[in-house]
Number of protein chains: 2
Amino acid sequence: MQVPERSDSIDRVIVDAILAGRITAGTRLGEQSLATLFSVSRTMAREALIRLEARGIVQVSPRRGWFVIKPSFEEAQEAFQARQAIEMGILMAVQRLGPEVVDKLRAHIVRERAAIASDDLEARSFLLGDFHVCLVEAFGNRVLADILRDLTARTVLISALYQSVHDATASCDEHEAITDALASGDLKRAADLMVSHIGNVEAGLTRAKDDDPLTNLRQALKLSPRRE
Amino acid sequence: MQVPERSDSIDRVIVDAILAGRITAGTRLGEQSLATLFSVSRTMAREALIRLEARGIVQVSPRRGWFVIKPSFEEAQEAFQARQAIEMGILMAVQRLGPEVVDKLRAHIVRERAAIASDDLEARSFLLGDFHVCLVEAFGNRVLADILRDLTARTVLISALYQSVHDATASCDEHEAITDALASGDLKRAADLMVSHIGNVEAGLTRAKDDDPLTNLRQALKLSPRRE
DNA sequence: CGGATCAGACTTCCATACAAGACTGGCACG
DNA sequence: CGTGCCAGTCTTGTATGGAAGTCTGATCCG
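What you are looking at is a predicted structure, and each value in this text was computed from that prediction instead of being measured. (Residues numbered from 1 in each chain as written. Chains lettered and ligands numbered in written order. Predicted model: local features only at pLDDT ≥ 70, side-chain atom pairs only at ≥ 80, totals over all residues. Heavy atoms only, no water.)

(A) Quick look at the relation of the copies chain B and chain A. Overlaying chain B with chain A gives an RMSD of 0.0 Å, the required rotation being 180° about an axis along which the chain moves by 0.0 Å. Between the two chains, the operation in question is that of a two-fold axis. When each C-alpha of chain B is compared by its distance to the rotation axis, G89(B) comes out closest, at 2.0 Å. In this assembly, 100% of the residues forming the interface of chain B have copies in chain A that are likewise at the interface, indicating an isologous arrangement. (Least-squares fit on C-alpha atoms with pLDDT ≥ 70 in both. Contact = heavy atoms within 4.5 Å.)

(B) Broad picture of the side chain of E31(A). Residues and elements named next belong to chain A. With respect to the helices and strands, E31 occurs in helix α2 (residues 31–38). Among the polar contacts listed, one links the side chain of E31 to the side chain of R46, at a separation of 2.6 Å. Ignoring sequence-local partners within four residues, the contact set of E31 consists of R42, A45, R46, L49 and W66. (Helix = DSSP H or I, 4+ residues; strand = E, 2+ residues; numbered from the N terminus. Polar contact = N/O pair within 3.5 Å; in protein donor to acceptor, adjacent residues only side chain to side chain.)

(C) Summary view of the interface of chain B and chain A. Of the residues lining the interface, 26 residues belong to chain B; the matching set on chain A comes to 26 residues. Each partner contributes to the roughly 2100 Å² buried at the junction of chain B and chain A, and carbon and sulfur atoms together form 70% of this total. Between chain B and chain A we count two salt bridges in total. Here R46(A) ties to E47(B) by a salt bridge, and the two come within 3.1 Å at their closest N and O atoms. Connecting chain B to chain A are eight residue pairs in polar contact (both at pLDDT 80 or more). When contributions to the side of chain B that touches chain A are tallied by element, the ones reaching two or more residues are α3 (42–54), α4 (73–93) and α7 (142–161) of chain B. Residue contributions to the side of chain B that touches chain A peak at 11 residues, all from α4(B). Across the side of chain B that touches chain A, the residue classes break down as 15 nonpolar, four polar and seven charged. (Buried area = accessible area lost by both parts, 1.4 Å probe. Salt bridge = Lys/Arg side-chain N within 4 Å of Asp/Glu carboxyl O. Nonpolar A, V, L, I, M, F, W, Y, C, P; charged D, E, K, R; others polar.)

(D) Just the pairing of strand β2 (residues 65–68) of chain A, in detail. All names here are of chain A. With burial as the criterion, each face of β2 is covered, one bearing G65 and F67 and the other bearing W66 and V68. Taken together, the four bridges between strand β1 (residues 58–61) and β2 define a ladder with antiparallel strand orientation. Its bridge partner lying in β2, V60 is registered against W66. What sits between the antiparallel neighbours β1 and β2 is a turn of three residues, in which R63 has the positive phi angle 60°. (Buried < 20%, exposed > 50% of the residue type's maximum accessible area, 1.4 Å probe, protein only. Pairing = 2+ DSSP bridges.)

(E) Examining helix α3 (residues 42–54) of chain A more closely. In this model, α3(A) (13 residues) spans 18 Å end to end at C-alpha, consistent with the 18 Å of a helix rising 1.5 Å per residue. The set of residues buried in α3(A) consists of A45(A), E47(A), A48(A), L49(A), I50(A), R51(A) and L52(A). (Expected span 1.5 Å × (residues − 1).)

(F) Summary view of the pattern of salt bridges. Under the defined criterion, the tally for this structure stands at 28 salt bridges over all chains. In this structure, D16(A) and R12(A) form a salt bridge, with 3.4 Å as the shortest nitrogen-oxygen distance. Of this pair, D16(A) and R12(A) both sit in helix α1 (residues 7–19), four residues apart, which is roughly one turn of that helix. Residue classification places D16(A) among the partly exposed positions, given a relative accessible area of 28%. Relative accessible area serves as the criterion here: at 48%, R12(A) is assigned to the partly exposed category. Taking the shortest distance from any N to any O, the salt bridge between R83(B) and E87(B) comes out at 3.1 Å. Linking R83(B) with E87(B), this pair stays in helix α4, spanning four residues, or about one helical turn. There is no split in this pair, since R83(B) and E87(B) are both buried.

(G) Layout of the protein's contact with DNA strand D. In the vicinity of DNA strand D lie 17 residues, with R42(A), R46(A), S41(B), R42(B) and R64(B) positioned nearest. Among all atoms of DNA strand D positioned within 4 Å of the protein, those belonging to sugar or phosphate total 62%. In the model, a phosphate oxygen of DNA strand D is placed 2.5 Å from a nitrogen or oxygen of the R46(A) side chain. Among the secondary structure elements, those contributing two or more residues to the surface near DNA strand D are α3 and β2 of chain A together with α3 of chain B. (Near = heavy atom within 4 Å.)

So this is what it looks like as structure tokens:
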């Protein structure tokens, strides 16, 4: 990464880091920091940030800085709703799924389980989100794949923010159930399973952190209350 | 427009122009031209173009210029597929639609018919696409609304490129049928109608223009052939 | 006449410089 | 001790200049 990179590779690296959970909601992304990190000028870093802003992944606070989005609870729900609608729509629209797709998904699930077993948190975060990207890529529609990739990034951020309690193993099991339905050609069931799967993850969110930016501090203080 | 505008209003103006069919696929959008047109520096124009590129609406040919995308026939099909999947997904996911939404859609259809009757091509192009944006906005999900707006822009470009023969009146009738289904609470039927509606528009595409950039010229020459 | 070559005009690309707002920490004052 | 002020620093915002690639059209040569 010390070698100068193409400007649009900055985007990719950042999104990958988000998908892997290495950077989370609210992280500051300074123009100068990125520029020196990628050995490019501030202009290039800024352009990458502008692109990411258009994709709804970062936002700028004027003259204060660029930050990874920190969706409100309502926005979080909208993102999950969007994924539910789109992924269900895809599964309903697809006529037939080749067996090689099922094989690919099964291979993916194997990797998920491996990551879970070995406590590789980064791979786990990445793979659990990537399952959905894989699925839509298998559908062969680049437009939808791009949309879903960004939406997945948002969802990963949200899950970290609102501490989704949906267990990784449960997610993986649900992925497997979806794959089974696809393998048996029962697309309707696959769509239903997908909706409930995403719904499950969404249901695991807790709005605790949202209402008040002091929550972290508040909880910390509650643990050792001095006075008042 | 001679007064300096905010940089992000450039995006909006361009997208609106696309939606209205005033600028079509392949149109050149020079940095300097936009800058002088909007009374801003090249930097601002360039940033707007970068955003539009991230949204899949323009693309840059290195050191040659910025152009409104000119999707291939395959990409065109993908865009329509994406809209089918997403809009169907939305209609399947929505539980209930308030009567005010139906009213709004009916009012929209009235405007569509007015534009068609008065031969206002710009309004017609805009309104026919905007129906779908309206519908998803009524769903109340900003994420989906943004996605669909950009997708609609792409679709408008495509329709102009591949000369969709789907008649405006027919589109409007189909919009009305969808609205009727929504009014009667039959969301399943609305979803089916939506899929076939978008399918109809897609089916009206002809791949003529794609294979050969000379098609325009060729047709023109065919009308008044001098020699050869 | 046909074709290669080359100058120049025009475009984006990218770095840099400076402007201007936002925050921080210290200092002075009540 | 508490509070307000203010300079210094850090951030993004915006313009501009020159580098470098691309196309066009004229010119020259065979």
